[in-house]
Amino acid sequence: ENWLLINMEQKMNSIYTVMKRTTDIISGIIIGIVFIVLCPIVIPLIKLTGSGTVFFTQKRIATNGKEFVIYKYRTMSMGTKNDIWTSDDDPRITRFGKFLRKTRIDELPQFINLLTGDMSLVGPRPEQVGIVNTLKTEIPFYDTRHAIRPGITGWAQLHVYASTTAQTKKKLQYDLYYLKHRSLLFDLEIMF
C-alpha cells in the first residue's frame, strides 16, 4: 500500500495535472470535430442495422467513486442489461457494431466526457457501477484505481481485456503501475 501512495499526492498537485487537463480539452475538441464529420455516415448505418437509439449511455465510476454518464455509439442490440461484462465475441454486438468497436469509432462521443472533465484521454478505463461494487469486495486495492480520472484508453487496455474477476485482477496490476508511473511521456507512449 505504501509503495503506491508514495509520491501520489505530489503528482496530483504538479504541473503534470495542468498539462494533462489541457491535453484532454484540446483532444476533446479534435475528437469532437471528427465526431461531427462522421455523424452523417455513422448515424444512418446504426439505424439501418438495428432498431433503437443511436447513442449508448451508461453510468460509470470516475474519480473518488463519483458516478458519471459515459457516451458511446450503440454497438449492441437494444435491451442489453447493465452490470454484465462484454466479451469480444459477444452475440449482442451488431454487425456494424463490430466494425465500430474494431475501429474505435464507437468511442468518439466520449469527447463530451473529455470536455466536461469526467474522463481523461489516458487513465484506468471506467467500469459499470454494479461491477465496481462487486469488484471492490473481491479484489484488494481495486478502489485505488479511482484516485485519478478514468481514461478513454490506458496502460491496462493495451495488455488485458477483462471480462472476468481473474482478468480484472491482472488489469488492476497495470492500472496501479500506471498510477505509480504516470507522466506525459508515459501518456504519449500509451497513445502511440
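Numbers given for residues are sequential positions, taken from 1 along each chain in its written order. Under the rules for a predicted model, residues below a pLDDT of 70 receive no local features and side-chain atom pairs below 80 are neither given nor counted, while totals for whole chains, interfaces and linings still include all residues. Calculated side-chain values reflect all of the structure's heavy atoms, with hydrogen atoms and water omitted.

Draft legend 1. Structural view of helix H4 (residues 95–103). Every buried residue of H4 is accounted for by Phe96, Gly97 and Leu100. Projected down its long axis, H4 shows its buried positions confined to an angular sector of 100°, all on one face. Away from the buried face of H4 by more than 90 degrees, exposed residues Arg95 and Lys102 are located. Contacts are assigned to residue pairs with any non-hydrogen atoms lying within 4.5 Å of each other. The numbering of helices and of strands both runs from the N terminus, where a helix is a DSSP run of H or I of at least 4 residues and a strand a run of E of at least 2. Buried positions along H4 lie against helix H3 (15–48) and strand S2 (67–73). Positioned one or two residues after H4, Arg104 has a phi angle of 65°, which is positive. Working definition: with a 1.4 Å probe on protein chains only, accessible area under 20% of the residue-type maximum means buried, over 50% means exposed, and in between means partly exposed. Relevant arc is that of directions from the helix axis to the C-beta atoms, nothing else.

Draft legend 2. Spotlight on the pattern of salt bridges. The term salt bridge refers to a pairing of a side-chain nitrogen on Lys or Arg with a carboxyl oxygen on Asp or Glu at a separation within 4 Å. Counted under the stated rule, the structure contains seven salt bridges. A salt bridge links Asp118 to Lys66; its shortest N-O distance comes to 3.4 Å. Here Asp118, found in the loop between helix H5 (111–116) and strand S3 (120–122), pairs with Lys66, found in the loop between strand S1 (55–61) and S2; they are 52 residues apart in sequence, far enough to count as distant. Three or more residues joined by partner-sharing salt bridges are found here, namely Lys72, Asp106, Glu107 and Arg125.

Draft legend 3. Just the nonpolar core, in detail. Of all hydrophobic cores here, the largest spans 36 residues; its most connected members are Val42, Ile46, Tyr73, Leu100 and Tyr178. If we skip the residues at most four places from it in the chain, Val42 touches Tyr73, Phe96, Leu100 and Ile105. Side-chain atoms within 4.5 Å are what join buried Ala, Val, Leu, Ile, Met, Phe, Trp, Tyr and Cys residues into a set we call a nonpolar core.

Draft legend 4. Just the packing of aromatic side chains, in detail. We call Phe, Tyr and Trp rings a pair once their centres come within 6.5 Å, taking the six-membered ring for Trp, and we label the pair stacked below 30 degrees between planes, edge-to-face above 60, and tilted otherwise. Enumeration according to the criterion identifies 10 aromatic pairs in this entry. Ring geometry for Phe35 and Tyr73: centres 5.7 Å apart, planes at 25°, overall stacked. Highlighted residues: Phe35 in helix H3 and Tyr73 in strand S2, separated in sequence by 38 residues. Tyr73 matches Phe35 in its accessibility class, with the two residues each being buried. Look at Phe55 and Tyr73: their rings are 5.4 Å apart centre to centre, the planes differ by 15°, and that puts the pair in the stacked class.

Draft legend 5. Focus on the pairing of S1. Strand pairing follows a simple DSSP-based rule, namely that at least 2 bridges must link the two strands. Pairing between S1 and S2: seven bridges, direction antiparallel. When the bridges of S2 are listed, Phe56 appears paired with Lys72. Hairpin remark: S1 followed by S2, antiparallel, with five residues in the connecting loop; positive phi at Asn64, about 55°.

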